[in-house]
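# Structural description and commentary
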Amino acid sequence: MNQPQVQTPYFVRRLVLSTLTALAVALPLWAQAQAPIVIKFSHVVAPDTPKGKGAQRFKELVEQRSAGKVKVELYPNSQLYKDKEELEALQLGSVQMLAPSLAKFGPLGVKDFEVFDLPFIFKDTAAFRAVTDGPVGADLFSKLEPKGIKGLAYWDNGFHIMSANKPLHAVADFKGLKMRIQSSKVLDAQMRALGAIPQVMAFSELYQALQSGVVDGTEGVPSNFYTQRIFEVQKHISISNHGHLAYAVIVNKKFWDGLPADVRGMLEVAMKDASTYANAIAQTENALALDKIKASGKTTIYTLTDAESNEWKKALMPVHREMESRVGKATIAAVYKAAGFVAPK
């Protein structure tokens, strides 16, 4: 026997519909979607470096604050792309986010960023931050947008040291050495000014190249020297602080502009908080890495004297003038002013 159908009262149906509609309106658009928004974040260094830890903090903050509606997938150690490949992958939308070193933008056509590679341009971390946190840093980011790239943050990773299988104290010690560099005309000129032969090479290939003698030495920061075991295949390290390593956290502009405004707002705050964390740990991480390298006993660590450092500076100052036509005289002047740069006497 068929049961009689019971009609839901009209006012109940209206109440349920109104409640559901109100809930939908109250939720952000990105929280209503079933599938999470995925951000693939690729980088070329180890997870336990300042960059790697900054990326992890960003992932944690985003996924917590979005209640899992936005997912950040991390791909460290060149798992997806090597140095030369990653920017093209970002522009094509194969990944959404990167944190390349600032030297990477020169080959892309934004040569102004190579100002950060000029030797001895920053006397300390405060000088670097005065540039990146001010109008100069913002202006440089705006020059990436025609390339389909949005700059989100600058991440500091400290000052460069120099290594080889022979002591590097005087400028003459560099003569004839094959030194690995990133793809940067400024770094190329820097090594040539020291009498070395620059060799452009992907970071992921460096350890094997040093081990096999394809290159004789390199420059970099202690945290990368330690996590990539560079110190195992280099007998001498000089604490020179001649250069500075920093990254730009960047995102595919089309992807970024296509996000709902509330998602962008949440991501901007998460990136700001992750950047504060990454910048704060860089100095500590590098100091700890240097201590671990010393403790290994596998390499000799030498700190340049003031006289030796000044000799390096004088040998490298012509690079600043040589690069004015490439980097831009106005850009160099703006960085000089913001950083309080003083040429060696």
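Everything here concerns the structure above.
Basis of the calculations
- Residues numbered from 1 in each chain as written.
- Predicted model: local features only at pLDDT ≥ 70, side-chain atom pairs only at ≥ 80, totals over all residues.
- Heavy atoms only, no water.
- Core = buried A, V, L, I, M, F, W, Y, C linked by side-chain atoms within 4.5 Å.
- Buried < 20%, exposed > 50% of the residue type's maximum accessible area, 1.4 Å probe, protein only.
- Contact = heavy atoms within 4.5 Å.
- Pairing = 2+ DSSP bridges.
- Helix = DSSP H or I, 4+ residues; strand = E, 2+ residues; numbered from the N terminus.
- Expected span 1.5 Å × (residues − 1).
- Bend = angle between axes of the 7 residues up to and from the residue.
- Phe/Tyr/Trp six-rings, centres within 6.5 Å; stacked < 30°, edge-to-face > 60°.
- Lys NZ or Arg CZ within 6 Å of the ring centre and 35° of its normal.

### A few points about the nonpolar core
Grouped burial of nonpolar side chains is what soluble globular proteins tend to show. In terms of nonpolar packing, the biggest core is built from 54 residues, with Phe-105, Phe-113, Phe-116, Phe-122 and Ile-250 touching the most fellow members. Among all residues touching Phe-105, those that are not within four sequence positions of it are Leu-87, Pro-100, Val-110, Lys-111, Phe-113, Leu-144, Ala-248 and Ile-250. Core analysis: the second largest hydrophobic core is formed by 27 residues, Val-62, Val-70, Trp-155 and Trp-256 among them.

### A few points about the sheet that holds strand β2 (residues 70-75)
Read across the open sheet, the five strands follow the order β2-β1-β3-β10-β4; overall the sheet is mixed. Strands with a single pairing partner mark the edges of an open sheet, and in this sheet they are β2 and β4 (149-159). Pairing of strand β1 (residues 37-42) with β2, which is carried by six bridges, proceeds in the parallel orientation. Bridge pairing in β2 places Lys-40 opposite Glu-73.

### Let's talk about helix α12 (residues 306-322)
Over its 17 residues, α12 runs 25 Å from end to end, which matches the ideal 24 Å to within 8%, given 1.5 Å per residue. The largest bend in α12 amounts to roughly 30° and is located at Ala-315, with the proline Pro-318 lying one to four residues further along. Glu-308, Ser-309, Trp-312, Leu-316, Met-317, Val-319 and His-320 are the residues of α12 that are buried. In this fold, the buried residues of α12 make contact with β5 (161-164), α7 (185-193), β11 (300-303), α13 (324-327) and α14 (329-339).

### Some words on the side chain of His-43
Summarising the element assignment, His-43 is placed in the loop between β1 and α3 (50-65). You can call His-43 buried: its relative accessible area is 2%. Excluding its chain neighbours within four sequence positions, the residues that come into contact with His-43 are Lys-51, Gly-52, Ala-55, Tyr-75, Pro-76, Asn-77, Ser-78 and Glu-86.

### Some words on the packing of aromatic side chains
Under the criterion given, the structure shown has eleven aromatic pairs. Where Phe-105 meets Phe-113, the ring centres are 4.7 Å apart and the plane angle is 50°; that geometry is what we call tilted. Per residue, the accessibility class of Phe-105 equals that of Phe-113, and both read buried. The residue whose ring lies beneath Lys-51 is Tyr-247, and the NZ or CZ to ring-centre distance is 3.9 Å. Sitting over the face of the ring of Tyr-226, Arg-229 holds its NZ or CZ atom 5.4 Å from the ring centroid.

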